[in-house]
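The residues making up each chain are set out below.
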Amino acid sequence: MLGGPEIITFLLLALGGALAVGNIAALINPDGPRQRRQGIPPPPGAPDEPAKPKVGRSVVMIVVGTVIVIWAIASLIGG
């Protein structure tokens, strides 16, 4: 059943997954949605160059997210 006592475990599973997958996506495609907006002028005050993700911080966040996912899955299986 979704809910009840294991709702926190499901929320941690989702949070850890989002943390890991989001940082992986940022490392793979650092420009993100900027590539799809060609021809549309940037909003006022926007930087000319897109920000590059910091690799060290992204790797740490990927590891933390993966640990949270593994822990949540182990908690769901173990009961």
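Structure's up top.
From a predicted model like this one, the values you see are computed outputs, not experimental measurements.

A. Representation of a nonpolar patch on the surface within the structure. Residues Leu27, Val55, Val59, Val63, Val67 and Trp71 make up a contiguous nonpolar surface patch of about 560 Å² in total accessible area. Top contributing element to the nonpolar patch by residue count: helix H2 (residues 55–78), with five residues. Structurally, valine 67 is set in helix H2. Look at valine 67 and you get partly exposed, because its relative accessible area is 45%.

B. Looking closely at the environment of alanine 18. When you line up the elements, alanine 18 lands in helix H1 (residues 7–28). Given a relative accessible area of 51%, alanine 18 falls into the exposed group. Sequence separation of alanine 18 and isoleucine 62 is 44 residues, and the distance between their C-alpha atoms is 9.5 Å.

C. Seen up close, the environment of alanine 72. Along the chain, the position of alanine 72 falls in helix H2. For the pair alanine 72 and isoleucine 8, spaced 64 residues apart in the sequence, the C-alpha separation amounts to 9.1 Å. Contact partners of alanine 72, with chain neighbours within four places excluded, come to Thr9, Leu12 and Leu13.

Conventions used here
Residues numbered from 1 in each chain as written. Predicted model: local features only at pLDDT ≥ 70, side-chain atom pairs only at ≥ 80, totals over all residues. Heavy atoms only, no water. Patch = residues over 30% accessible without salt bridge, like charges linked within 9 Å, V, L, I, M, F, W, Y side chains within 5 Å. Areas by Shrake-Rupley, 256 points an atom, 1.4 Å probe, with all protein chains shown as cover. Salt bridge = Lys/Arg side-chain N within 4 Å of Asp/Glu carboxyl O. Helix = DSSP H or I, 4+ residues; strand = E, 2+ residues; numbered from the N terminus. Buried < 20%, exposed > 50% of the residue type's maximum accessible area, 1.4 Å probe, protein only. Contact = heavy atoms within 4.5 Å.

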